[in-house]
Amino acid sequence: VVHLAMHPQICIKHTVRKRYLHLEGNDVKADEDVPWGEDAMFTLRFVDVGALGKYQLEVADGRFVSADGSLKAKADDSCLFTLQFFGGQVAFFTSKGSFLTAAGSGALKSKGARGRDELFVLEDSQPQFKLKSNAGKFVTCAAGEQASASQKQVTDTELFQMEIDKKTKKWSFRTSKVTFWSCTADGKIQFVPKRDDSCWFDVAWLGPALALKAANGKYVVAKPNGALVACGAADDEEGATFVYELVNRPSLVLRGEFGFVVKNAQGQLRSNGVTPDVFKLHVSGGDCKLSDTTGKYWATNDSVTCSGAQAELYHFEFVEHSMVAIKFQGKYFQSFQNGDFKLTGT
């Protein structure tokens, strides 16, 4: 049985239309220029049937794509696909002997023969956040060239994709308009079309909040009028912290050094699974809650189990490309080669 090497939570680009798939009502459509928000994130669930195994394609609200492109609340045999690879592209071969296609209107449907319209590219789904200032306003790119914390409601223009430089460990912030945060000579945070040295920030993870040090060595501060300016001397300065919430992971798959985090028959979490379990992520005010699909929350004692009636509040710290550390009560969840999964990391 062959498993995908990439993380199973992905974005999917249609080769011909050069647009990304996303959930829109009861359809999956290939008409988004950039994969933005939770509706553009998909989870490939491996199902161990047959010599090669098959995959289910789960959308953000927990429904599954079926052979004719429609969505089903509960996966059945029509939701099983064989992945056929052609170079860097993939086709979804259905249980009915057809292929998923986005030809015509752009909505997923079925087609008997495979051509260019039935080819897709799988890409990593990068973390996207909304950021709220101490004044309770969300940072936005809708107000012109300069970033400001001025919005009460969240749309695509209030979501930002964080992308790490693997060498420097600094982060850039991409907008839904495919521009980037940039620190100008006078410290203003503006949006530019191309990424350069001014677009990289150090991130300090402070529980439910974060602080950003810009290229000028100063911390980004939300001024009383909402304007973002890199002028702070320290991360505890007034206006220098922002509550952050991950928005494009309503469900979460965790893979560590020794395998996937999974729940065994006794409800205990193990860290050496071959195929992933999918957990539900609930985020509010920067606090993260994790539960299994039955609604039981993670609970920490000597081990970690899915048995809690009340949620523990965790904080996520993004430390590498597609890698996150999960913190609770000053310690981090840690995986071990024997499959143990414990709250013992420092």
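One can find the structure itself at the top, above this paragraph.
What this report covers is the structure whose coordinates are included nearby. From a predicted model like this one, the values you see are computed outputs, not experimental measurements.

Each value, and the rule that gives it
- Residues numbered from 1 in each chain as written.
- Predicted model: local features only at pLDDT ≥ 70, side-chain atom pairs only at ≥ 80, totals over all residues.
- Heavy atoms only, no water.
- Buried < 20%, exposed > 50% of the residue type's maximum accessible area, 1.4 Å probe, protein only.
- Helix = DSSP H or I, 4+ residues; strand = E, 2+ residues; numbered from the N terminus.
- Pairing = 2+ DSSP bridges.
- Polar contact = N/O pair within 3.5 Å; in protein donor to acceptor, adjacent residues only side chain to side chain.
- Axes fitted to C-alpha atoms, helices over the stretch in contact; angles between N-to-C directions.
- Contact = heavy atoms within 4.5 Å.
- Salt bridge = Lys/Arg side-chain N within 4 Å of Asp/Glu carboxyl O.
- 1 Å grid on protein atoms, 1.4 Å probe; cavity = no way out; pocket = protein on both sides within 12 Å on 5 of 7 lines; lining within 4 Å.
- Points joined across faces, edges and corners; volume = space filled by probe spheres on them.

Re the pairing of strand β24 (residues 242-246)
Along any regular strand the residues' side chains alternate between the sheet's two faces. The buried fraction of β24 is high, at four of five residues. The pairing of strand β13 (residues 128-132) with β24 spans four bridges and is antiparallel. Within β24, the position partnered with F129 by the bridge is L246. As judged from the two bridges shared by strand β21 (residues 209-213) and β24, these two strands associate in the antiparallel manner.

Here we look at the side chain of T241
As for its position among the elements, T241 is in the loop between β23 (228-232) and β24. Of note is the side chain of T241, whose polar atom sits 3.4 Å from the side chain of N134.

Regarding the sheet that holds strand β33 (residues 315-320)
Taken together, the four strands give an open sheet; going across it, the order is β33-β34-β35-β36, and neighbouring strands pair in antiparallel fashion. Bordering the open sheet on either side are β33 and β36 (341-345), each of which pairs with just one other strand. Sheet twist, expressed as the mean angle between neighbouring strand axes with direction ignored, is 45°. Across five bridges, the pairing between β33 and strand β34 (residues 323-328) is antiparallel. Note on β34: the bridge partner recorded for E320 is M323.

What about the environment of D235?
Structurally, the position occupied by D235 is in the loop between β23 and β24. Since its relative accessible area comes to 25%, D235 is described here as partly exposed. On a C-alpha basis, the gap between D235 and K213 in space is 8.2 Å, while along the polypeptide they are 22 residues apart. Contact partners of D235, with chain neighbours within four places excluded, come to A204, L206, A211, Y219, A240 and T241.

Structural notes on the pattern of salt bridges
Counted under the stated rule, the structure contains 15 salt bridges. E24 serves as the salt-bridge partner of K29, at 3.3 Å between the closest nitrogen and oxygen. Taking the relative accessible area as the measure of exposure, K29 reaches 22% and is therefore partly exposed. Look at E24 and you get partly exposed, because its relative accessible area is 36%. For K130, the salt bridge identified is with E245, shortest N-O distance 3.4 Å. Here the residue K130 occupies a position in strand β13, and E245 occupies one in strand β24, the gap between them amounting to 115 residues. Looking at E245, the relative accessible area reads 12%, which means it is buried.

Focus on empty space enclosed by the protein
Applying the stated rule across the entire model yields one cavity of 30 Å³ or more. Its volume calculated, the largest cavity comes out at about 30 Å³. Lining of the largest cavity is provided by F129, Y244, E245, L246, V283, C288, F316 and F318. If you list the elements that add at least two residues to the lining of the largest cavity, you get β24 and β33.

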